[in-house]
Structures are given as C-alpha cells and as structure tokens.
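Survey of secondary and tertiary structure
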Amino acid sequence: MIGLISATAAGAAARDRLAASWPDRTRVYDGPVADAVRRAFAECDQLVCFLATGAVVRLVAPLLCGKAADPGVVCVDEAGRFAVSLLGGHGGGANELAREVGELLGAEPVVTTATDAVGVPGLDTLGFPVEGNVAGVTRALLDGEPVSLHTDVPWPLPPLPVAPGGTYAIRLTDRAVEHTEHEVVLRPPSLVVGVGASKGAPVDEVLGLVEGVLREAGLSAQSVAELATVDAKADEPGIIGAAERLGVPVVTYSAAELAAVEVPNPSDAPLAAVGTPSVAEAAALVRGGELLVPKRKSERADGQPARATCAVVRRAARGRLAVVGLGPGARDLLTPRAKEELRRASVLVGLDQYVDQIRDLLRPGTRILESGLGAEEERARTAVAEARRGQAVALIGSGDAGVYAMASPALAEASDDIDVVGVPGVTAALAAGAILGAPLGHDHVSISLSDLHTPWEVIERRVRAAAEADIVVTFYNPRSRGRDWQLPKALAILAEHREPTTPVGVVRNASRPDESRLLTTLAGLDPAVVDMMTVVTVGNTATREIAGRMVTPRGYRWQEEPK
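What you see as residue numbers is a count from 1 along each chain, following the sequence as written. Per-residue local features of the predicted model are confined to residues with pLDDT of at least 70, and side-chain atom pairs are confined, for both listing and counting, to 80 or more; whole-chain, interface and lining totals are unaffected and use all residues. Side-chain metrics rest on all non-hydrogen atoms present in the structure, leaving aside hydrogens and water.

Brief notes about the pattern of salt bridges
Note the threshold: A pair is scored as a salt bridge if a Lys or Arg side-chain nitrogen falls within 4 Å of a carboxyl oxygen belonging to Asp or Glu. Burial classes: relative accessible area under 20% of the type maximum marks a residue as buried, over 50% as exposed, and values in between as partly exposed (1.4 Å probe, protein chains only).
Counted by the stated rule, this structure contains 29 salt bridges. Between Lys233 and Glu236 there is a salt bridge whose closest N-O contact spans 3.9 Å. Of the two residues examined, Lys233 and Glu236, each falls in the buried class. With its nearest N and O atoms 2.6 Å apart, the salt bridge here joins Arg359 to Asp356. By relative accessible area, which is 34% here, Arg359 ends up partly exposed. What you see here is one network of salt bridges that share partners, running through Arg15, Asp16 and Asp30.

Side note on the pairing of strand β3 (residues 46-50)
Defined as follows: Each helix is a run of H or I in the DSSP string that is no shorter than four residues. Each strand is a run of E no shorter than two, and both are numbered from the N terminus. Only strands that DSSP links by at least two bridges are regarded as paired with each other.
For β3, a buried count of 5 out of 5 residues is recorded, marking the element as mostly surrounded by other parts of the structure. Residues Gln46, Val48 and Phe50 point to one face of β3 and Leu47 and Cys49 to the other, with burial holding for every one of them. Pairing analysis gives 5 bridges linking strand β1 (residues 2-6) to β3, with the strands arranged parallel. What sits directly across from Ile5, in β3, is Cys49. Here β3 pairs with strand β4 (residues 72-76) via 4 bridges, running parallel.

Things to note about helix α7 (residues 203-217)
For the record, the criterion: Any helix carries an expected span of 1.5 Å times its number of residues minus one. Here, two residues are considered to be in contact whenever any of their heavy atoms come within 4.5 Å of each other.
With 15 residues, α7 should reach 21 Å at 1.5 Å per residue; the first-to-last C-alpha distance of 21 Å fits that figure. The elements touched by buried residues of α7 are β11 (191-197), β12 (224-230), α8 (237-246), β14 (290-297) and β15 (308-314). Backbone geometry just after α7 places Gly218 at a positive phi near 70°.

Honestly, it's all geometry; don't read function into it.
Structure (structure tokens):
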C-alpha cells in the first residue's frame, strides 16, 4: 500500500489525482502532517509525501529502522515539477515509484542512487536472493574497477560491466558456497524439489527431509524455485507447510502427466496410491532438467516407515529473446517498452546502423553483436543461439520488427526452448501516413517491391490484386540503383484501375532530421525522386487531396462525399 500525505491545497489536488488513478494501491492519510507520516510509515510499503524534502527528512528521521525494513519514500514539490526518490530507492522501490509518479503527474523523476544514475543495475534489485558484500562490489563497479562474473548456472542477467580478473567478483550459483570478503553471491531459482508425502505427513518431516537433502548435496535452499508434487497431494498440509516455510509455491501435476515421465526409481506404492509410479522424481523432472538428487526417503526417529520422499532437479534457465522495433528513427517514436527491453538485454544483436541509433540507451556491460546489410539470417541465428545459452537478448529492427524486419527470420529459427517477446514499433507506413495526412483511413496494404527474396511474378500478382480491389497501397523498398524498373511497372498496373489524378504521397526518411515529403499524383510521380529510404503511398479511387493533405475517407455512411 502507498500512503499519500499532503499539507496544502495544491498538494492535496496532486495527491487526489494519484489516489484516483491508483485506487487499489493508495491510502490517503489526513490530519496533522507529523501524525500522518508516522502512521503511514508504520502501515505502508511506500509513501508519497507532497511536502518539501527537508520537512520529510525531519519527520521520518526518528522513524528509521534500517535499509531492509524502511518503506520507500518519494517527495513531490508544491508545484508538482519533481518527484524525488528520498528513501528506499532500491529496497523500498522508491526509484521506480518516483518514475511512475512522475509519469502520472507530469513531474520529473529525481533519482540519485549511484547505480541508477550511471545505468548499472543494483545487485540487490535483480530479483535473486543476494549474499555478501553488496556495497563493496557495487562501489567497485561504479569506480570502474575490474569485477569478474562467475556463473555456475547459466541465467539471463541484465548487463553488468564485468571483466576478467580483479579483486571483486559476482558469483551466480545454486551451490551452498560461502562468499568471500570481496564477493557477492546471487542465488538463481534453478532448483525444483519434487515431493511425495503420505496422508498426514507432518511439516517437520517433509521440511527436514528437503533441507537435509539439499544440505548433503551442497545446494542452497535459497535457489529452490518450487515444490512439485502430484495434484492429489495439492492440499496435503505437510507439503503446503514446508513450502510456506521455504517461501516457495507448490506446483502440481496430474498423475497421467507424471506417469509419462521416465524416472530411475519407479515404485508400485505411489502407483497404487495416486496412479503414477513416481511422484517425487517425476514431479521434479516433468518440465525437464538435470536430476541432481534421486528419490530420497525421510528417516523417522521411531523407526517407523518414511512418510515423505523428495528428489532435486536443476532446471535450466530459459533464455529470453526480445524482438524490438525501433520505429522509423525519431527518438520520441521509440516506445517506452522498447527502451525498457534495450536496457534489460545483456546481449544486443542488430544491423550496425540501427545499433548506432540507440547505442546511448544501452547499459554499461551490454555485449553488442552488430553486422552489416545482407546478414539478416545470420543475425537471427545469432540472437536465437545467444538466448539458448540462457542470455537476455534484444534483436532490433527498424519500424516494427515484425514488418519486413527481423521477427520473421528469428521466429522461424526459434523453438519452444526459449521465451520470445515481441515489442511493436511505429512502422514506416504509419510514420509516412501521419506526415501525409490520413491516406490509410480505409483498407490498405503494404507491398515490398524488392525481388531479392520474392520473385517478381509473385510481387506483380499482389500489386494487381490490390489494384483490382481498390486498396490503398504503400510500397516499401520501392527503388534502388540496381532495381529501377519495378516501381514504374507497379505504378502502371495501378494506373489500369485508377485515375491519373489519384493522389500519391512520397516520404523520405520519415521522422528523421532530413525528412522530406512530396504530394503528387499517379500520373505526375517521377520515380527518379524515389530511393530505398522512401515509402510511396498510392491512394484508392476515394482518396483526395484536401488542404494539402492526402485523405482517404473512412467510408462511414453519414459522411458526405467530398465536393
């Protein structure tokens, strides 16, 4: 819950805007400000104070308990110009809250945390349990000292400015290792513990077995991602209680799913009881992985039969491939989601000229794999291969990555062993359309005139179909020095079905500093003014030039025909 505190009418107005926008996340604290801050500090995870930072510092100073316990605090000034992350930037989430508040209120977020200021992710914000000298290793990263990264388990991490050797180190491992004085240990959620239990098995027996098996195998309980079992045991108190004490969820599978898993130690007992020859091993292995500890049974002090079994599997991380559309080139047409994915990726793959467009947005430590024109399939294979190695990868393309860009070859290469995320972008057709007016107001189609990968016969058939169907057409890749006849041919096909006065829009380098725009007609277009940096939009029989703009009527019945 986010506590909201204000002292003036202006602050209350901004406070109420926040409360109205986040009704389920916020609680307004009225009354004397000092009392309101004390109550909110004790009851909320975060605070937004519409007060001067100095006043908030004096009010919260006596309430501070420690970095791990204090809520995040954001201050918004009287004029609503700044949202300042004051306390708990990482642990309390105040940095991200300042950005959210700033976006909602139109305020500038002010974040002074050193790692955020230079684009280095905080080691305690990666979503893993962390042990060791976080402050010392972070300081070394910020000071440019060599910090090495050791990964016993491949896992998708954000970019980190690491280097071989050095006094300081970051270690990613699910092993029960002790950290050194100059080391941070990150615990990835790589372990799945399959559990079976007799009816009424006590929590202590189940938990004792799991913790004992992990300890003997030299594995860290902090890397356990889940306890897995058969769905017939979904409500077993001993399993549920053990999971709660470990702080992990219980994941269940049907007996049929588990029976289909090949295991080293099947048994008749679970087959008779729940319909599968294995619970612990099969539940741990059902989604793949390496069996680290085969089935083990609990040991009871009274010598009675065991009531719990468990097995441990290391499940490989799924790499992540984000296919990111950069838009037509202007920075303000690059979506916030695209920026977020670029900062999240530890590996960036792209055409060299596109990499240059966004190089300044990348975090320190991002590994860049760039290549020139004509290497699209190689880039797609490289991006997928890096994701299969457990990396967080961004594959970039101009416009929308799914439109004449990198999504198609990448997804043709990828299988279901990696996670794929598509990030849409503003296409060249949309950018050009906005510059021309509203040429795409009704049905429209985009056709590439490049016959490098598509036979001209196929392209011509598509152009003819669009012409006959009276559909607005945007031509991509319309003309180059080596392909100068395709555009005139396509225009001639359209001219068989449209008047010579049909509006045609030509936009070069849409949204870029050297953008140019030409509005002409089907008969008046000179193909020589067109190149590969241009898109050409040809209207249909309803398209008109109105006040210097290209407009295709939507076709609503209540609209009058243009006079």
